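Descriptive structure summary
Below, each chain spelled out in residue letters.
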Amino acid sequence: MGRVRGRSLGFMGSVWISAFGVATALLGLLVATATAAKSWPDGVERIEIRSSLDGSIQPAMFAMPERSTGSARPLLVALHSWSSGYDQPLSALWAQEARSRNWVFIHPDFRGANTNPQAGGSETAIRDVLDAVDEARRRAKVDPRRIYLAGYSGGGHAALLVASKSSEIWAAVSVWSPITDLLAWHRESEARGFDRYVGDIEAICGGVPAPGSRAEQECFRRSPLSFLTAMKGLPLDLNTGIRDGHAPRVESGTVPISHTIRAFNLLADPRDRVPFGLLSALESEARVPAAQAFLGTDRSYGAHRVLFRRSSGPVRLTLFDGDHEVVHPAAVAWLERHQRAERR
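These notes cover the structure that comes with them. Because the structure is predicted, anything quoted here is derived from the model rather than measured.

Each value, and the rule that gives it
- Residues numbered from 1 in each chain as written.
- Predicted model: local features only at pLDDT ≥ 70, side-chain atom pairs only at ≥ 80, totals over all residues.
- Heavy atoms only, no water.
- Pairing = 2+ DSSP bridges.
- Helix = DSSP H or I, 4+ residues; strand = E, 2+ residues; numbered from the N terminus.
- Axes fitted to C-alpha atoms, helices over the stretch in contact; angles between N-to-C directions.
- Contact = heavy atoms within 4.5 Å.
- Buried < 20%, exposed > 50% of the residue type's maximum accessible area, 1.4 Å probe, protein only.
- Phe/Tyr/Trp six-rings, centres within 6.5 Å; stacked < 30°, edge-to-face > 60°.
- Lys NZ or Arg CZ within 6 Å of the ring centre and 35° of its normal.

One open sheet holds the nine strands; their spatial order is β3-β4-β6-β5-β7-β8-β9-β11-β10, and the pairing between them is mixed. Pairing within the sheet leaves two strands with one partner each, and these edge strands are β3 (45–50) and β10 (306–312). Between one strand and the next, the sheet's axes are offset by a mean angle of 20 degrees, whatever the strand orientation. With six bridges joining them, strand β5 (residues 73–79) and strand β7 (residues 142–152) adopt parallel strand pairing. Pairing of Leu 76 across the sheet is with Tyr 148, part of β7. Along the sheet, helix α3 (residues 123–139) contacts β3, β4 (57–63), β5, β6 (104–108) and β7; its crossing angle with β3, the most-contacted strand, is approximately 115 degrees.

Below, the discussion takes up the environment of Gly 233. Summarising the element assignment, Gly 233 is placed in the loop between α7 (214–221) and β9 (236–241). In this structure Gly 233 comes out as exposed when scored by relative accessible area, which is 61%. The spatial distance from the C-alpha of Gly 233 to the C-alpha of Leu 267 is 9.0 Å, given a sequence separation of 34 residues.

Summed over all chains, the structure comprises eight aromatic pairs. Here the aromatic rings of Trp 40 and Phe 105 are separated by 6.2 Å at their centres, their planes lie at 45 degrees, and the arrangement is tilted. Remark: Phe 105 occurs in strand β6 and Trp 40 occurs in the loop between α1 (10–39) and β3; sequence separation between them is 65 residues. The exposure classification of Trp 40 matches that of Phe 105, with both residues buried. Ring geometry for Trp 176 against Tyr 301: centres 5.6 Å apart, planes inclined by 40 degrees, an arrangement best described as tilted. Placement of the pair is Trp 176 in strand β8 (residues 172–176) and Tyr 301 in the loop between α9 (276–285) and β10, with a sequence separation of 125 residues. Here the two residues Trp 176 and Tyr 301 agree in accessibility, since each one is buried. Aromatic rings pair up to connect Trp 82, Trp 185, Phe 194 and Tyr 197 into one cluster. Lying over the aromatic face of Trp 103, Arg 101 brings its terminal NZ or CZ to 5.9 Å of the ring centre. Lys 165 extends its terminal NZ or CZ atom over the ring of Phe 227, reaching a point 4.3 Å from the ring centre.

Dropping the structure here:
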């Protein structure tokens, strides 16, 4: 099984190498788990939620408000990115924002990384997010007028699908570098050699999404652009780094900015939409023409200066100085300005 300088180690040597490999893998898993756990703020714990759809047990990270006030508190529901799960270390920054405001916080798994049909925007995954809202409301005193949804990358993809099918729950939604069209992203990823994402899309949609295929229809059903009009009237914050889709590393440039702009255009009043010529220029050149540049200041974005901004009714589009990333303080600062009107 293993060889050293051309000599066979024999059965016992093979067993020793196998055991060593298993032990090394387990040690790596323990270290990774410990690192992830350490990244979460104090007071955030792993909980389990029974799916209302299939009865399976689904994990989530959850936190009660840090200080008891006796009054109902806002709830932040944050969704992990494309290739991660409920314990994604980066999402600890969502928890920090919620904890600093004394909010309730939950970060569901919704079937984990988007590598299987149950994940990737399936009805099962969407139901898991709604189950997480119900569980948070069962455990904590939540203000129903201030339930917020946020997500980055694949979390943005999921957030838009969830909000499109349950708009009555949310006070506001903030998404960052979202994937909004799986068919387009499959073509784009294939053209740029991002084989991992090509494979993921084919895995969740049931094959290569060739024209007229069942996989093509499944990709359509799992794409937010297919349902976004159901969100009309809901405050929505759409953000993307101007260099997303351009950066050389997979981690920093995976989703072209057209995904975010097309979502805005679908919901915006015709006079507020980003014209096709400008959209193409923004995407191909990764810069904002001087005549279209944002002249104001938004300090919530920190070092990620706002370069371009448009609003139409309750929908806002922001292109900032960055790649494929999220500015957590800016997202939550925008969310907390909104409150859903009480039903009569």
